[in-house]
2 protein chains.
Amino acid sequence: MRDKLATNRILVGDCVQLMRDMPAGSVDVVFADPPYNLQLSGDLMRPNHTRVDGVDEDWDRFQDFQTYDRFTRDWLDAARHTLKDDGTLWVIGSYHNIFRVGAILQDLGYWVLNDIIWRKSNPMPNFKGRRFANAHETLIWASKSKDSKYYFAYEAMKALNEDLQMRSDWTLPLCTGGERLRDETGQKAHPTQKPESLLFRVLMSSTKVDDVVLDPFFGTGTTGAVAKRLRRRWIGIEREHTYARLANERIAQVEEVAEPELLEVTSKRTQPRVPFGNLIERGYLKPGTMLFDQRRRHIAKVRADGTLVAQNHLGEHKGSIHKVGAAMQGLPACNGWTFWHFQQDGSLSPIDVLRQQVISERH
Amino acid sequence: MRDKLATNRILVGDCVQLMRDMPAGSVDVVFADPPYNLQLSGDLMRPNHTRVDGVDEDWDRFQDFQTYDRFTRDWLDAARHTLKDDGTLWVIGSYHNIFRVGAILQDLGYWVLNDIIWRKSNPMPNFKGRRFANAHETLIWASKSKDSKYYFAYEAMKALNEDLQMRSDWTLPLCTGGERLRDETGQKAHPTQKPESLLFRVLMSSTKVDDVVLDPFFGTGTTGAVAKRLRRRWIGIEREHTYARLANERIAQVEEVAEPELLEVTSKRTQPRVPFGNLIERGYLKPGTMLFDQRRRHIAKVRADGTLVAQNHLGEHKGSIHKVGAAMQGLPACNGWTFWHFQQDGSLSPIDVLRQQVISERH
DNA sequence: TCATGGTCTGAATCACTAC
DNA sequence: AGTAGTGATTCAGACCATG
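My aim in this report is to walk through the structure given alongside it, one point at a time. (Residues numbered from 1 in each chain as written. Chains lettered and ligands numbered in written order. Predicted model: local features only at pLDDT ≥ 70, side-chain atom pairs only at ≥ 80, totals over all residues. Heavy atoms only, no water.)

1. Quick notes on the overall build of chain A
Inference 1: If you tally the helices and strands in chain A, you get 11 helices and 14 strands.
Inference 2: Its C-alpha atoms give chain A principal-axis dimensions of roughly 80 × 45 × 40 Å.
Inference 3: Per-residue burial for chain A yields a buried fraction of 55% across its 363 residues.
Inference 4: Surface exposure of chain A reaches about 16500 Å², of which carbon and sulfur atoms provide 48%.
Inference 5: Side-chain charges of chain A comprise 50 positive and 47 negative groups, with the mean position of each set lying 7 Å from the other. (Helix = DSSP H or I, 4+ residues; strand = E, 2+ residues; numbered from the N terminus. Buried < 20%, exposed > 50% of the residue type's maximum accessible area, 1.4 Å probe, protein only. Areas by Shrake-Rupley, 256 points an atom, 1.4 Å probe, with all protein chains shown as cover. Lys, Arg positive; Asp, Glu negative; His and termini not counted. Charge placed at Lys NZ, Arg CZ, Asp CG, Glu CD.)

In C-alpha cells form, the structure reads like this:
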C-alpha cells in the first residue's frame, strides 16, 4: 500500500472525493485549516477611515450552520479513512467554527488529545471597542480513536520550551513581512496564510522523518513547505488552481535540512506583562487601599478597575499608576511601579514587590 | 417583575427546573461552570506513585455524548429563558465538553461574542509525558441573540490592562492556598473551585453595579462572593446541600467594596449628548468665532445656528461640525468635537473641552 | 550607518439614536 | 422598518522615507 501512495505533490480538486479515493490507513497525520465560516457582513473601518481587508472569498460562505456541519462531517470522515489507526488529526479554527468541528469529530470517534491555543503576539485589535480583542485561534489535536498508540515527541517539545513541558498555549506571531506570499500587485496571495512557525511545532510534535502528512485545505502550501524542510512526506489537496500553482512554486524553493533536531527554534516565550489591575483582581490590593510615595508627600486611592484617584492643588487626577504618579509630581512621566508604595505593618513597600510575586507565581 | 426576583440567595435543587420557574427576562448575566464530562477512567498516578485527586463525583458522570448533549441543551435553554434580551451568558469548560456546549448554544440562537482563554500560570503538569500540558480552560461569552445590545465595560477592561485593550487570553493562577475552601479534614471542599480573580474580570467586564448575576452551578459560591464584593446582585442554584451551606458561610464573610464610587466606570459612550449649538446658546462660543484644526491647516467660522462654514479648493462647505470637518479633510467621516479647536490666549484647545464643561455643569 | 517617525496591515461575526 | 446623522474607536511589527 505504502508505495502506491504518491507523495510530495498537490492534488487539485474536491478534498472529500480525493480523500475517499486514497488508500485507507495510509497517512500518519492530517493537518487541516478548513474555512472558518466567518459570517462577516459589511465593511469594517479602522479609526483612520481605512477599510479592513477581511475574508470575503466564496469558499468561506455557507448558507447556515447545518450546511457547514454537513461539509465538516464529510471531510472529517474522509480524513479518518486516510489515517492510519495510530495516526492523529490537527484542525485549526476560531470561535466561529471550532465548536462545531470539535463536536463532530468527537461524534465520528476521534479522541481529543489536546486543544491548543495559538496566542497571537500581534493580533488585529478590536477597532470599535465592543468586545475583547480576538487574539488567538484554537487547534484541536485528536487521535483516530481512544485506544490508538499515537506518536508524541515529548522530549523534543520540552527541549523547544527551555526544558519545561510544552504547554497547550503557544505564543507565536502572525504570518507577515517577507514570509507572506504576495501576487504581482503586492496584495496578499491568500487571506489566511498560516505562519511556518506554527506548522513547525505541529509537525515536530506529532510526526517523524519520512512520515506522511496530508493537508486537505492546502492553500498556498505552508504545510508542504515545512514538511519538506523537516524531511516529512506531504500530500496537499487544493480546490483552486491559483493557490496550487503558488504553493508548488513556493515549495520548490524550500531546502531540506540535514538534521531536523538541530534546527534552531524561535521560541518566543514572551512573558505577558503584569498590568496593575491584576494585583486587584488577585486580591493583593483592595479597592480603596491608599498608596503613598516614599516620603508620604503624595497619596492616592486604588479603584476597582486598576486606576488610581488622587488630588493635589491642580485638581483631581484619575488614571493609571503611571499617569497619576506623573500628574501628582507635575512631571511628564513616572514609573508608577516604583513610585507608589503600600503600607504594611506601618512601613512602606513599593507596589513593584507585589508585581514580582505575580511574576514568580508564573514560573 | 423585578421586585418579585429574590436575589442574594441560594436555591437548592435542579437548575433546569428552577430556572424555568423564574420570571422570563429577569437576569442580566448568567455565569455557568457546568460539569465537564471528564471521562476519566481509573486512577491517574504521579511519578512518585501518589494518586492524583481528580474529579470523580457522580455529577460529572454521563453515559455518553448524547446524554451530555441533552443535559447541556436543557440548561442552556432554561438559562436563555431567564436572560434579559440584552443579557449575556458565560460558560467555562475544557476540551472534554466545550465544543459540545459551544455548538449547542449556537444552535439555540445565542451569538458568540468571544471565546476567552484562561491561561493558567500554574497548571498541573502532564505526568505521563504523552500530551501537551493542559494549561488552559476556555470560556465562551455570548449574547442572547445576534442583534442584542449587550453591555461591555470596554474602558474598565482597558484600564485593567494598563491602557491596552483587553485581549481574549487571560493569564491568571489557579485557586490555591487560603482562597481554596477546605473541609474539616483539610481536603478541598470542591474539586473545581474557580479563582475569584477570574470572576472579578468576568463580572467587571459584563455587569454594572446592582445587575443580577445567575449561576446555575453555584458550587461553593465563587460567583456570589465576587458579585457581593462588587455590589452586584446574585442568584445561586446548587443541587447539593453541602456545597450550598459552605457557599452561604463563605459569602456571609465577604465585605462589599466600601465606597461604591470606586466601582464606577466612565465611558464617553454613555455620557449625555450635547448639541454643538448649546455652546453658542450658552455663550461659550460666539457666532463668527474662528475654529482651526490642530495644525491650523483648516479654518471654519461658527454660525449662529450651530453650523460651521468653511472653504477649501473644493468649494464652500456648510453644516455640522462633523460634516464640515469631514469635507475639509476629504474623509468619509470626522469627529468634529476633537477635530476643531478654538483659540485661547494664543493656544488651541479642542471644542470637546467646552462640551465637558457643559456636561459637568449639568451634573 | 543609525535613529526616528510615519505608514501600512493582520481569519473581524466591531454603534447607536432619532426621525 | 429603513435612513440619516452623530461621534466613538487600534496594537504590534515590518517597511520606508527622512535626517
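Having seen it, we continue.
2. Observations concerning the protein's contact with DNA strand D
Residues and elements named next belong to chain B.
Inference 1: In the vicinity of DNA strand D lie 28 residues, with Tyr154, Lys158, Gln165, His322 and Trp337 positioned nearest.
Inference 2: Among all atoms of DNA strand D positioned within 4 Å of the protein, those belonging to sugar or phosphate total 66%.
Inference 3: In the model, a phosphate oxygen of DNA strand D is placed 3.2 Å from a nitrogen or oxygen of the Glu155 side chain.
Inference 4: The separation between a phosphate oxygen of DNA strand D and a polar main-chain atom of Gln165 is 2.9 Å.
Inference 5: Of all the secondary-structure elements, those providing two or more residues to the surface near DNA strand D are α4 (154–160) and α9 (321–329).
Inference 6: Top element by residues in the surface near DNA strand D is α4. It accounts for three residues.
Inference 7: Broken down by class, the residue content of the surface near DNA strand D amounts to 10 nonpolar, 10 polar and eight charged. (Near = heavy atom within 4 Å. Polar contact = N/O pair within 3.5 Å; in protein donor to acceptor, adjacent residues only side chain to side chain. Nonpolar A, V, L, I, M, F, W, Y, C, P; charged D, E, K, R; others polar.)

3. Structural notes on the environment of Ser143(A)
Residues and elements named next belong to chain A.
Inference 1: Here Ser143 shows up in strand β5 (residues 136–143).
Inference 2: In this structure the C-alpha to C-alpha distance between Ser143 and Arg80, which are 63 residues apart in sequence, comes to 9.7 Å.
Inference 3: With residues up to four places along the chain from it excluded, the contact list for Ser143 reads Gly87, Thr88, Tyr110, Trp111, Leu113, Ser148 and Tyr150.
Inference 4: Polar contacts involving the side chain of Ser143 include one to the main-chain carbonyl oxygen of Ser145, which spans 2.8 Å. (Contact = heavy atoms within 4.5 Å.)

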